[in-house]
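# Understanding the architecture of this molecule
Below, each chain spelled out in residue letters.
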Amino acid sequence: MTKWEYVTVPLLVHATKQILDTWGEDGWELVQVVPGPNPEQLVAYLKREKN
């Protein structure tokens, strides 16, 4: 059975691609993006397979 680990990451609107690319290089897959506490921020939910 596959086991997953999850993380939530704050995203700044002006640096979204750079932040997601950095996490993606470490094996994290984007699951969802939701609004953050203010209009300049989003929150990303990511997952990757546990080793």
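The chain goes by DUF4177 domain-containing protein in an unreviewed UniProt entry, where it is assigned to Kitasatospora kifunensis.

Okay, the pattern of salt bridges next. Across all of its chains, the model carries 2 salt bridges by this definition. Glu-5 is paired through a salt bridge with Arg-48; the nearest N and O atoms lie 2.9 Å apart. Here Glu-5 is found in strand S1 (residues 4-12), whereas its partner Arg-48 is found in strand S3 (residues 41-49), with 43 residues between them in sequence. Of the residues examined, Arg-48 reaches a relative accessible area of 26% and is grouped as partly exposed. As a salt-bridge pair, Asp-21 and Lys-17 come within 2.4 Å of each other at their nearest N and O atoms. Residue Asp-21 and its partner Lys-17 are located together in helix H1 (residues 16-25), separated by 4 residues, close to a single helical turn.

What counts, and at which threshold
In this numbering scheme, every chain counts its residues from 1 along its sequence in written order. The model is predicted, so local features are restricted to residues of pLDDT at least 70 and side-chain atom pairs to those at 80 or more, both for listing and for counting; the totals for chains, interfaces and linings are taken over all residues. Note: side-chain values were computed over all heavy atoms of the structure, leaving out hydrogens and water. Here a salt bridge means any side-chain nitrogen of Lys or Arg lying within 4 Å of a carboxyl oxygen belonging to Asp or Glu. The helix and strand labels rest on DSSP assignments: H or I over at least four residues marks a helix, E over at least two residues marks a strand, and numbering proceeds from the N terminus. Classification of residues uses two cut-offs on accessible area relative to the type maximum, computed with a 1.4 Å probe and protein chains only: under 20% is buried, over 50% is exposed, and between them is partly exposed.

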